[in-house]
Each structure stands twice: as C-alpha cells, then as structure tokens.
Amino acid sequence: MLLTITTTRSPATDLGWLLHKHPDRAQTFDLTFGRVHVCYPTATDDCCTAVLLLDVDPVGLVRRHSGPELLAQYVNDRPYVASSFLSVAISQVYGSALSGNCKNKHELAEEPLPLTARLAVVPCRRGGEVFLRKLFEPLGYTVTATRHPLDAQFPEWGEGPYFTVELRATIRLAELLSHLYVLIPVLDDEKHYWVGHDEVEKLLRHGDGWLNTHPEKEQIAARYLKRQGKLVKSALAHLASDDDTDPDDVAAEHDAAEEQLEVKANLHERRLAAVLAVLQGSGAKRILDLGCGEGKLLRLLASDARFTDVVGLDVSARSLEIARQRLGRLRLPEGLMERVKLLHGALTYRDARIENFDAAALVEVIEHLDPSRLEASARVLFGCARPGLVVLTTPNREYNVKFEGLPAGKFRHADHRFEWTRAEFAEWCAGACAKYGYTVRLSQLGDEDPALGGPSQMAVFTRVR
C-alpha cells in the first residue's frame, strides 16, 4: 500500500519539516495491523518526494479476530489497495501535518504548495473513475486515473476495479491529507473497524472547511459511515448547520459596511455601469453573473432585451431568494422575465449548467475565495465554463489608504480573503491567459489617483482558442 507526496516548491526539502520526518533518514513505525515505512527517494531543493509504504499483516489480523468478515481469509487485496488502513496510517504517522502543525516553521503550514499525491492502487468498485473524479475534482485537483485490467495476460477478462491515481493541486499539505484521510475509505467503501458516533466527529473534524459544500457530501457521509442511517443523518445535520451564526446575515452586514465605505466614490454604481457597458458592447447574448449575490447586476441585465439568456449563480440560498424577489419587483413583461434563471452553486466546482455561455461577469467576487481555491476557480471559469468573454472586477489594495475609517492593513470587507495590488492582479490575469487561452485588457474603475490607481480594477478577458 503506497502513497507518495511530491513538491517542487523551493526549497522542496521543507516537505520534511511539514511531515516531521527527516529526508535523510528512513523510518519505520509499528501499528496494530502492520508496519509503516517512510523514506525520501528524492530530496533536493528543486524536488522532494516522501513515500509512505504500509505493510499490512492480513494473517495477523485474522488470527487476532480483529477484522470484519472481509478479512476472514488469508488471501485478499487488503495489503495492496488504499483503504481505511491507509487513513489510520496517515493519522498516526503524519498526525502533526494532518493537524496543520509545523513546530519550527509555522508559516509553512499555512502556505499553499504545489503538491502531487500518488496512490499506487485505489479500489473503486462502485462508481468507477466517474465517481473518483467527482470526489477530487471539486476540491481543485487535476486528476489522472489509470485503470488496471484484471489480468494483463488475459485482456478478455476485462478491467478491474483498481486505479493508480495522481492528484495535483496547489494547496496546503494539511488540506491534502484531510482530503485523503476522508476520501480513501469512501472510495474503498469498506472500513476495517467498527464505526460508531466517534466516526461522525472524525468526519466533521477532517471535513471542516470543505465537506459542507462538496457536491457529493451525502455519498461521502454514507460511505464513510458504512451506511449506518442514524450516523449519516447526524453527520449531514451537522454539516447543514455547522455554524450557529447565519452566514447570510453576516454577509449582508459586511456588504452594507463595504458599500458605506465606498459611498463617497459612488463606486458601486460606477462599477456596475462599467461592467454592463462592456457586456452591451461585446454583442454577447447569453450572460452569466457568477457570484450574483442579491441581484444588483442581474436586474440591469434582465431589463436589457438584447440579452437572450441571463443566469445568476451564487453559493448563498438566501441571497438568491432576495435576488428573486427583487427581480419580481421589476415587473418586466413575461417574455423578458422568462430569460432569467437563478442557480445555487459555487465557482470552485465544475458545473455543466454554466458552460457554453457568451460572457460571464464576476463583480467583486474573486477576493472572497480562499487563495488555495483560486486555482480551482480559474480552472472552472476559464478551463471548463470557457465563456467567450469574462469581465472581472476586484478591489485595488493600494487605494485603501484613501478610505477614511479603514484601519491600516485591513480589508474593505470582513469576508475578503485577500485584496490584490495592481501588479498582483496583472500577474494573476497573465497567468490565467497563458494557461487557458485568453487575452486580457486591464483598466481602473473610479476616481484614479496618479500614484495609487483607482479604487477598483477591472479585467476583460477574451477567449482566443
């Protein structure tokens, strides 16, 4: 049972600090069901690979009567395939890294790194490669899955349920390990130990920050908890209410504070007018408003008959309901109103419903995403949805010093995860264009300061291939 993790972030040997395992030593750990070996076949400044090899003792398990009926035979696939045994090994051997702790380099544990995880043999008997991709791709991974035949010498026997899987992403190591800890047993669909209420707590702890918005969370909970109905319902109930504070109420309060901050510059209206003008001048007919919120841009789009399809997507169900009510108050002719649709979803997950549109707008949306999710969002937007035109606005951090009442170093909105300078924004845009086949035109929005630029910045991407 083999798991390798590779990084190319220099110095790559920092991976040893994160895993709390020195690259110059091979180490062995005894577990109740076998032994774990950790070593580094490659450890240079440019590339470092950590190998975790789990040697399961199936004979010992049977003799101790500690496993379920699946292990009550001496010949089985347990020593070779990724399963709950590997999850336990990760938690026991890489426990500090899984918890996001790095004693001597605290900042390193919070840094997204270019990581590649390779699982030598992964069973996926129910759902196959399609389900495997549904588990990992929404989390931002580029997935390579190679399926193995039952027997290479007898191709007529067909393909087996086993895959070699490679996962690539720029992500924190703790996040990668949490995803593997939860999803490996989900793919195997068979835990080697008794599942009780403590497993619900483990699922919620290691799924914190990603499981509640995962499109396959019901399947994940069901398989992880061995389809024990009460436990599954308990986990899903916690995921549905994992915060006593209503996030929509908090978001509305923060939105109001941001608008009040920008009111003197009349920036919000000018921003919407600029985006609308670009869309009107592009000749686009089918328009996406991604992160549409309460529908301020949607109302402008809905009122313009030149747009034949208008779709708003947002992660907040309450914001979509407010948008629906506000659109209703426009009292548009029935034919115009039928062009507008509202969808519940997130920009970090591939969604076939938002593909094949002429243009997409993201108005002050991207800065609300975690930096570790930017790669996944760019892939969904430019690589999967691929609209012909993308209009994207985001704050200019350099301009923040001109806002009265905004403390130094603070973001304009309490939910902003970052705010870019003009140079940082230009660099991100250039990278997206090079990778996904777009060109970009950058401009400033609002009253420009000669040294600081405008309070907001806009990028207009045009697809070229």
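Just so you know, these numbers come straight off a predicted model, no measurement behind them. (Residues numbered from 1 in each chain as written. Predicted model: local features only at pLDDT ≥ 70, side-chain atom pairs only at ≥ 80, totals over all residues. Heavy atoms only, no water.)

## Some points on a nonpolar patch on the surface
Consideration 1: Together, Leu150, Phe154 and Trp157 make up a nonpolar patch on the protein surface, roughly 330 Å² of accessible area in all.
Consideration 2: Position of Phe154 relative to the elements: it lies in the loop between strand E6 (142-149) and strand E7 (159-171).
Consideration 3: Here Phe154 falls in the partly exposed class, since its relative accessible area comes to 34%. (Patch = residues over 30% accessible without salt bridge, like charges linked within 9 Å, V, L, I, M, F, W, Y side chains within 5 Å. Areas by Shrake-Rupley, 256 points an atom, 1.4 Å probe, with all protein chains shown as cover. Salt bridge = Lys/Arg side-chain N within 4 Å of Asp/Glu carboxyl O. Helix = DSSP H or I, 4+ residues; strand = E, 2+ residues; numbered from the N terminus. Buried < 20%, exposed > 50% of the residue type's maximum accessible area, 1.4 Å probe, protein only.)

## Describing the confidence of the model for the protein
Consideration 1: With 89% of its residues at a pLDDT of 70 or more, the protein has an overall mean of 85.
Consideration 2: Of the regions scoring below 50 in pLDDT, residues 66-72 engages in 16 contacts with residues more than four places distant in sequence or in other chains.
Consideration 3: Long-range and interchain partners of residues 242-254, a stretch whose pLDDT sits below 50, account for 11 contacts in this model, where long-range means more than four residues apart. (pLDDT = per-residue confidence, 0-100. Contact = heavy atoms within 4.5 Å.)

## Focus on the sheet that holds strand E12 (residues 389-395)
Consideration 1: The sheet built from seven strands is open, its strands ordered E10-E9-E8-E11-E12-E14-E13 with mixed pairing. Only two strands of the sheet have a single partner each, and these edge strands are strand E10 (340-344) and strand E13 (438-445). Between one strand and the next, the sheet's axes are offset by a mean angle of 15°, whatever the strand orientation.
Consideration 2: Where strand E9 (residues 309-314) meets E10, five bridges bridge the pair, whose relative direction is parallel. Residue pairing for E10: Gly312 is matched across the bridge by Leu342.
Consideration 3: Against the sheet, helix H12 (residues 267-282) engages strand E8 (286-290), strand E11 (359-363), E12, E13 and strand E14 (456-463), with an angle of about 165° to E12. (Pairing = 2+ DSSP bridges. Axes fitted to C-alpha atoms, helices over the stretch in contact; angles between N-to-C directions.)

## Notes on the side chain of Glu216
Consideration 1: Within the secondary structure, Glu216 sits in the loop between helix H8 (197-206) and helix H9 (217-224).
Consideration 2: Here Glu216 occupies a buried position and makes no salt bridge, while the nearest side chain of opposite charge, Lys134, is found at 4.4 Å.
Consideration 3: Setting aside its immediate chain neighbours within four residues, Glu216 contacts Phe131, Lys134 and Leu135. (Lys, Arg positive; Asp, Glu negative; His and termini not counted.)

## Re the packing of aromatic side chains
Consideration 1: Within the structure shown, the criterion is met by 12 aromatic pairs.
Consideration 2: Look at Phe154 and Trp157: their rings are 4.6 Å apart centre to centre, the planes differ by 10°, and that puts the pair in the stacked class.
Consideration 3: Ring centres of Phe382 and Tyr438 lie 5.0 Å apart, and the angle between their planes is 70°; this geometry places the pair in the edge-to-face category. With Phe382 in helix H16 (residues 374-385) and Tyr438 in strand E13, the pair connects residues that are 56 residues apart, well separated along the chain. Of the two residues examined, Phe382 and Tyr438, each falls in the buried class.
Consideration 4: Joined through ring pairs, the aromatic side chains of Phe382, Phe418, Trp420, Phe425, Trp428, Tyr436, Tyr438 and Phe461 make up one cluster. (Phe/Tyr/Trp six-rings, centres within 6.5 Å; stacked < 30°, edge-to-face > 60°.)

## Considering the sheet that holds strand E1 (residues 2-7)
Consideration 1: The strand order E2-E3-E4-E1-E5-E7-E6 describes an open sheet built from seven strands, whose pairing is antiparallel. The open sheet has two free edges, formed respectively by strand E2 (27-31) and E6, since each of these has just one partner strand. Adjacent strand axes in the sheet meet at a mean angle of 15°, parallel and antiparallel pairs treated alike.
Consideration 2: Relative to E7, E6 is paired through seven bridges, and the arrangement is antiparallel. Directly across from Ala145, in E7, lies its bridge partner Val165.
Consideration 3: On top of the sheet, helix H3 (residues 84-93) reaches E1, E2, strand E3 (34-43), strand E4 (48-56) and strand E5 (113-123); it is set at about 125° to E4, its chief contact.

## A few points about helix H6 (residues 128-136)
Along an α-helix, residues three or four positions apart point the same way, because every turn accommodates 3.6 residues.
Consideration 1: Listing the buried residues of H6 in full gives Gly128, Phe131, Leu132, Leu135 and Phe136. For H6, the buried positions fall inside an angular range of 125° around the axis, keeping them on one side.
Consideration 2: Tucked inside the fold, the buried residues of H6 contact E6, E7, helix H7 (173-188) and H9. (Arc of directions from axis to C-beta.)

## Some remarks on the environment of Gly291
Consideration 1: Topologically, Gly291 is positioned in the loop between E8 and helix H13 (296-302).
Consideration 2: As for Gly291 and Val365, which are separated by 74 residues in sequence, their C-alpha atoms are 6.0 Å apart.
Consideration 3: Setting aside its immediate chain neighbours within four residues, Gly291 contacts Leu313, Asp314 and Val365.

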